[in-house]
Amino acid sequence: MAEESVEKNYMLYICTGCDIGDSLDIEKLKEVADEDFSVESKTHEFLCSAEGVELIKKDIEEGVNTIIIAACSPRVNYDTFNFPDIIVERVNLREHVVWSHKPNDEKTQQLAEDYIRMGIVKAQKMELPEPYKEEITKSVLIIGGGITGLTAALEAANTGYDVVLVEKEAELGGWVKKFAKLTPSTPPFRDPREPDVDEKIKQVMENDRIKVFTSARVESISGQPGLFDVVISQNGTKEEVKIGSIVVAAGWEPYDATKLENLGYGKYPDVITNVQMEEMAADGKIVVPSTGKEAKKVAFIQCAGQRDPEHLPYCSSICCMVSLKQALYVREMNDGQAFIFYKDMRTPGEYEDFYKRVQEDPGIFLTKGEIKSISKTENGMLVEVTDTLLGEDIEVEVDLVVLATGMVPRLKKIAERLAKEEEAEGEEAKEGEEKAEATETETEGEAVSEALEEIEGILNLTYRKGPELPELKYGFADSNFICFPYETQRTAIYAAGPIRQPMGVAESEDDATGAALKAVQALELISKGAATFPRVGDLSYPEFFLQRCTQCKRCTEECPFGALDEDEKGTPKPNPNRCRRCGVCMGACPERIVSFKNYNVDMIGSMVKTIYVPEDEEEGLRFLAFVCENDAYPAFDMAALNRMEWHPDVRIIPVRCLGSFNVVWIADALSRGIDGAILIGCKYGDDYQCHFIKGSELANRRMENVQETLERLALEPERVKVVQLPISEFDRIPEIINEFVEEIEENIGPNPYKGF
Amino acid sequence: MVRIEPDIRFVKDLMKMGGGDLKKCFQCATCSVICPQSPDENPFPRKEMIWAQWGLKDKLLRDPDIYLCHQCNDCSINCPRGAKPGEVLNAIRNYTFYEYSTPKFIGKLFTSPAYFPILIAIPIILLYAFLQIPGVLLSPEGEHVVYGNFINHLAIEVAGMLVGAYVIVVALLSFYKYWKAVGMSSGPVFEVERGVEGKTTMVSGGFWYEFWNALKDILRHTKFSECAENRYRYLAHLGVFYGFILLGISTLGAVAYMYLFGVKELALPLYDPVKILGNIGFLLLFGGMSWIVYRRLSASGTAGKPSYQDWFFITDLYLVAITGILMEASRLAGATDIAYPLYLVHLVLVFMLLAYAPYSKFAHLMYRGLAYMWAKKTGRLVGAKEASE
Ligand code: SF4
Ligand code: SF4
Ligand code: SF4
Ligand code: SF4
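Quick notes on the rules
Residues numbered from 1 in each chain as written. Chains lettered and ligands numbered in written order. Predicted model: local features only at pLDDT ≥ 70, side-chain atom pairs only at ≥ 80, totals over all residues. Heavy atoms only, no water. Helix = DSSP H or I, 4+ residues; strand = E, 2+ residues; numbered from the N terminus. Buried < 20%, exposed > 50% of the residue type's maximum accessible area, 1.4 Å probe, protein only. Contact = heavy atoms within 4.5 Å. Areas by Shrake-Rupley, 256 points an atom, 1.4 Å probe, with all protein chains shown as cover. Pairing = 2+ DSSP bridges. Salt bridge = Lys/Arg side-chain N within 4 Å of Asp/Glu carboxyl O. Near = heavy atom within 4 Å. Nonpolar A, V, L, I, M, F, W, Y, C, P; charged D, E, K, R; others polar. Domains from an automatic or database assignment. Buried area = accessible area lost by both parts, 1.4 Å probe. Polar contact = N/O pair within 3.5 Å; in protein donor to acceptor, adjacent residues only side chain to side chain. Patch = residues over 30% accessible without salt bridge, like charges linked within 9 Å, V, L, I, M, F, W, Y side chains within 5 Å. Lys, Arg positive; Asp, Glu negative; His and termini not counted. Charge placed at Lys NZ, Arg CZ, Asp CG, Glu CD. Phe/Tyr/Trp six-rings, centres within 6.5 Å; stacked < 30°, edge-to-face > 60°. Lys NZ or Arg CZ within 6 Å of the ring centre and 35° of its normal.

Summing up its helical and strand segments, chain B has 18 helices and three strands in all. Taken across its 389 residues, chain B has 51% of its residues classed as buried. Put simply, 72% of the contacts in chain B that link residues at least 6 apart link residues at least 24 apart. A total of about 18300 Å² of accessible surface is found on chain B, and carbon and sulfur atoms cover 69% of it.

This is the structure we're talking about:
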C-alpha cells in the first residue's frame, strides 16, 4: 500500500523456553521462514532474559529493522520486547500453540508453522506508524459548576492545566449550595456534615488557572480533541476559546413530581419533594406549607417514582440516605416524629452505619411497605400503607409528606428532544402520503415538542453523529461503566457525576477527580499523536484513500465515536484526534479504502492466504478464528494458561475489534479452501462489553453480507459464525471451538474449493 | 387499616427496662427463623421488634407470644444487628409486670432503680409498725437462740397470712386483667387438627383441659428444653423451679409440725424428712440460680444481660437464702446478739420476696402460665406430639 520508504531487514527469533523447544521441531520452523520467505532466524532458550534481548538489540544495531518474535503471547513481556522505531511482530507460540495443544504432534507442528508464516507476512505488510501530530491547546473545559464541576476544575488546575468552567446559573455551587446538610461521607458515618462547597468555590475563584463563566452556556463545540473551538455565550456576548479536552458535569434535576399524582403531589400543598424539604431545612424552618406551622410528624415516601417502569425504572441510589438525613432534621429542628416507608432501604457500603445511627433514634419509625393512598384529613395528611412489616395494613396521620424523588440526568430531556427531532426529520421525508392521518395526535405531539424545544443542549457539538453525548439508558451518558467509568462515546470528552449515573456528593467528587485526570491524560496522549482509551498510546490512525470513495457513508454512520464528519457530498472527513483506532470504518468500507499503517485489509487477507491448506482432507480441515484483541484474545491466553486444549486445525487471527472485520476476508478464506471461520467478540446489547461500543454488534449485522458471499460461492451458511464471549468465560473456549469444528467436519464436510 | 400512633415514651421505657438495643433491628427475621420456641405461622420475635420500635404498646402488652419466649437467646446470638431480641422480649415482659399490676402505683415502683429506696422502706416501716403492736416483740432470755422467744410466732404467722392474702388478691386481679387483655389480642385463632384421623378441627379444649395441658408442660419444662444456644438454662431453671416447690413443701411441713404436732420452736434436726426436703430444695434453688447468674455475667453476650428487674429478684432471693443460713448458723452457735437483728433483716427480705411477687420477676410464673394456656387454647401452641396424636 504505502510506499516502502526504508528497505525491510528481517529477522525471526524463536524462543525455545517455556516448553516451546520441547514441544516443537524448531529446525522445521526455521526452514519455513527460510524457504518460504528467505527470512533468517535465530533461537534462544530464554529470549525474554537480558541476554536474549541483548541478542535482538545487537542485530538491530547491525541493521535489522523488522523483527518477528515467536515466543509468548504479545500480551505479556510487551515492555521487554519493546524496540522503538522497529517493526515488531509477536507470534504466540507459547499460549496459542504449545500450551494448548499436544506436544510433538504433527498437527501442533503445522499450527506453529502457519503462525510463523502469518507472522512474517504480517510484518511484511506492516509499516511503522507516523503519528498524526498537531500543535494542540492543553486546556480543559468543564461544563457545570456544581460540586462535580468545581472539583474537576480544581483537580485539573492543580495538575497544571488551564481550565475553563462554564456554569449556567449566576452562581457556582449547584445543588449542594442549596442543601442544609450533606449525608456523611467519612467514618464513623454517623452525622450529616456541613456542605463545604463555599470553600471549593473560593478556591476556584482564586485559582489563576481557572477561568469561570457564570450565567453562561456552551453554544457550540467544533473541531477535534486538542483543537476544539468552543463558543461560550454569556449575557448575550459570545466568546470563542480553544480547548483541548472536556469534562461534562452538567448534573441532574429532580424527577418531575407532578407526574406523581397518585402520591398526592400537586393535589395537596402538604405533599412536597425531598428537594423542597432540603430547601426548607436550609432556610432554617421545616413547616407545613398549608398552615405555616412547624411540621411535627413527617412521612417520607421512598422510591417516589424510582424503580417503577412508569416513572424512573432505576434506583436513584441516594434518596434513602437523603431521607434518613432529613428524618434527623425533623427530630433535631422540630423535635418531631419521622416515618419512613420504603421498598428497600438502600444504603450501600459503609453508609449502612448512617442507617444504623438514624434507626437508633426513638422518634424515627421505619417500615417496608406499599403506599396505598395519601389523602387529606381534618388535621393533616393520612398515609395508608399496605404490606408492612408490622403485619397489617396501617395508616398514619402526619403533618407533612415528603416524596423521596429520584435523580434524572440533564441529558435525559435533551436526548428526548433529539429523538423527536430525528423522528420529525424522518417523517418529513415520508410526508405527503400520510399527511391526512392523525391530526389530533399531531397537535398533542407538537405541544410536547414545544416544551422540549426549549431544552438547551449541553455540548452542542457540530459532529455529524449528533450534538450531545450518546446515552445508554434512561438518559445517562453511555460510559461502558463496567470497566471505564468516565469514558463516553466522544473522545476526550468525559462524563462525571450524576450525568452518567445517580450518585451522591462524595461519589461525585471522586468521579470529578477521575474524569479530570482522564481529561489531562487525553491531552498528553493527543499531543503525541497517540490514541486514548482503550488503545492507549497507539500511534497509528486510519487513512482514507478518498479517490475511490463512493460516498456510501457507511464509515461515517458506523464510527462509534463520531470521528468522521462528512462534506456535502457525503465524503468522510476524518478527525484523527477524535478517533480511537478501532478499525470499524475499515470493516465497514466496501471499497476497502480505509487502512492503518500497521493494520489493514490487505494485511489480514495476506495472512489468510499464507495459511497452508491441505488438499487432502485426510490431512485435516482448516478453520479461522477472528478474535477480538481486547477480551477474546486474552481469553484464549487464559484458557491456555489453564492448559485447556482446543482443536489444532484452527488458526487464530487477532483483530482490533470485531467491528473492523471486513467481509472480504471471508471470500479470501473460503475461496482458498478454508473450511470455516468463527468470529469471537465481546458481548453486545444494553450491557455490552465491547471496548468500542458496537463493534461486535456490527460484526453480527455484517453477517448478512457474509451470507451473501457464501451464497455466491454456493457454500453452506454454517461455515461462518459469530460468538459473544465475555472474558470471564474463557473456560468455554474449547467447547466453542471444538463444537464449531465438529459441526463442519461431521455435518457439512470439507470446502469444495480446496485445491483450486 | 389500623391507625398507628407511636408511643415514644413506651419505646424509651422499654429501652431502659432492658431492651436498649431494640432500635437496631432492621427486620431481617433471622430471629424468627432461628427461634426454637416460635410457631411457624406469624412467628416471633421479629414482629415484636418492629412493634417495639414503633412504640405500639397496646399490641405488645396483649401479645401472648412474648411469654412463649423462654429467652434461650438463640435469636440474640444470631441477630446480625445486635438488636438482642431476646432481651427486648424480656423488657416487654418486665413492662407487663407493671402494666397489669394492682394497684398500678406499686407496680410503678419496680420499673426503675430510682424507686429502690421506697421498696426497701416499705417493709422496714411495716415491720416497725408491726413490732409496736403489744405482744409481738418479746424479750428473749438465756444463751440459746430461740426465735420464737424474740418475736411471737403466732403474730408472724398472722402477719404472713395477711401478706399472703394480699398477694393472692392482688395476683388474682392482675391475672384477670391480663387474661382479658390477652383475650383481646388481635392475634388470630389457629385451627389445629387434633382428634380422630385428622378430621376434626378443633380450636379449644376448654379452660381446664388447657390448664392441665399447660401445667404438664410447665412441670416438665418441655418448651424450655427446646432452646439450643443456652441449654444450661433448662437445667438451671428446672433447679430453681423445683427448688422453690420443695421449699414450699417443707414450709408446709413445718407449719404442720407446729400446728398439728405442737412443736414450739422449729429447730428441726438435720435428719428430719422435712428438713431434708427443705435442704435439697435450697440446694437446687441456690445451685440453679448461681448457675444462671454465673453464665449471665461471664457470657452476657450469649446468655443475655439481666435487667434491673432480674437483678432485683435474684439479689433478694440470694439474700433471703444467705440470711436464712446465717440465722441457722448463729442459732447453732448461740450468738444471740447476731441472730436476732439478723432475723429482722431476714423478715424484711422475705417480705420483699413474698409481697412483691406479683410485681417482680416472680410474676412471670403466672403471666407465662396464662399466656401459655392462651396459646394452647387458641391452638397457637400445640406440642408436636399432641398435634400428631
Ligand atoms: S435509594 Fe432508596 S429511595 Fe432511592 S430509588 Fe433507591 S431504593 Fe428507592
Ligand atoms: S478507527 Fe474507529 S474511531 Fe477511528 S474513524 Fe474509524 S471507526 Fe471511527
Ligand atoms: S431482631 Fe435482629 S434478627 Fe430479628 S429481625 Fe431484627 S435485626 Fe433481624
Ligand atoms: S430468646 Fe429464645 S425463645 Fe425468646 S425469641 Fe429469642 S430465640 Fe426465641
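Taken together, the four strands give an open sheet; going across it, the order is S17(A)-S18(A)-S19(A)-S1(B), and neighbouring strands pair in mixed fashion. Taken across any chain shown, the strands that pair with only one partner, and hence form the sheet edges, are strand S17 (370-376) of chain A together with strand S1 (2-3) of chain B. In the sheet, S17 of chain A pairs with strand S18 (residues 381-386) of chain A via six bridges, with the strands oriented antiparallel. Within the sheet, the bridge partner assigned to Glu370 of chain A lies in S18 of chain A and is Thr386 of chain A.

This next bit is on the side chain of Asp270 of chain A. With respect to the helices and strands, the residue Asp270 of chain A is situated in the loop between strand S12 (252-254) and strand S13 (271-273). When near neighbours in sequence (up to four residues on either side) are disregarded, Asp270 of chain A contacts Val288, Pro289, Ser290, Lys376, Met381, Asp399, Leu400 and Val401 of chain A.

Residue and element names in this part refer to chain A. The final tally for this structure, using the stated rule, is 65 salt bridges over all chains. The salt bridge involving Lys683 is made with Asp687; its shortest N-O contact spans 3.6 Å. Judged by relative accessible area, which is 41%, Asp687 ranks as partly exposed. Taken together, the shared-partner salt bridges connect Asp36, Lys107, Asp114, Arg117, Arg622, Asp649 and Arg651 into one network.

A word on the site of ligand 4. Residue and element names in this part refer to chain B. Taken together, 14 residues sit near ligand 4, with Cys35, Cys69, Cys72, Asn73 and Cys75 positioned nearest. Residue assignment for the shell around ligand 4 shows that the elements contributing at least two residues are helix H6 (74-78) and helix H7 (85-99). Considered class by class, the residues forming the shell around ligand 4 number eight nonpolar, five polar and one charged.

Turning our attention to the domain arrangement of chain A. Residue and element names in this part refer to chain A. As assigned here, chain A comprises domain 1 (1-128), domain 2 (139-253 + 456-527), domain 3 (256-405) and domain 4 (600-756). When each unit is reduced to the centre of its C-alpha atoms, the spacing between domain 1 and domain 4 is 23 Å. Listed as interface residues are 22 residues of domain 1 and, on the opposing side, 31 residues of domain 4. Interface area for domain 1 against domain 4, summed over the two sides, is near 2500 Å², with a carbon-plus-sulfur share of 57%. The three residues of domain 1 that bury the most area against domain 4 are His96, Trp99 and Met118, which together make up 23% of that side's buried surface. One salt bridge in this structure joins Arg651 and Asp114, with 2.6 Å as the shortest N-O distance. Where domain 1 packs against domain 4, one counts 14 residue pairs in polar contact (both at pLDDT 80 or more). Of all elements in the fold, only helix H4 (93-98) and helix H5 (106-124) reach the threshold of two or more residues within the side of domain 1 that touches domain 4. Of the residues belonging to the side of domain 1 that touches domain 4, the class tally is seven nonpolar, six polar and nine charged.

What follows covers a negative patch on the surface. Taken together, the side chains of Glu718, Asp731, Glu735, Glu739, Glu742, Glu743, Glu745 and Glu746 of chain A present a region of like negative charge at the surface. Following the sequence through the fold, Glu739 of chain A ends up in helix H20 (residues 733-748).

It is worth spelling out the packing of aromatic side chains at this point. Scanning the model with the defined rule gives 39 aromatic pairs over all chains in all. The interplanar angle of 80° and the centroid separation of 6.0 Å between the aromatic rings of Tyr67 of chain B and Tyr178 of chain B together place this pair among those described as edge-to-face. In this pair, Tyr67 of chain B sits in helix H5 (residues 65-68) while Tyr178 of chain B sits in helix H10 (residues 153-183), placing the two residues 111 residues apart along the sequence. The pair formed by Tyr67 of chain B and Tyr178 of chain B is uniform in burial state, with each residue classed as buried. Note that Arg578 of chain A overlies the ring of Tyr463 of chain A, its terminal NZ or CZ placed 3.4 Å from the centroid. We note Lys59 of chain B situated over the ring of Trp51 of chain B; from NZ or CZ to the ring centre the distance is 4.9 Å.

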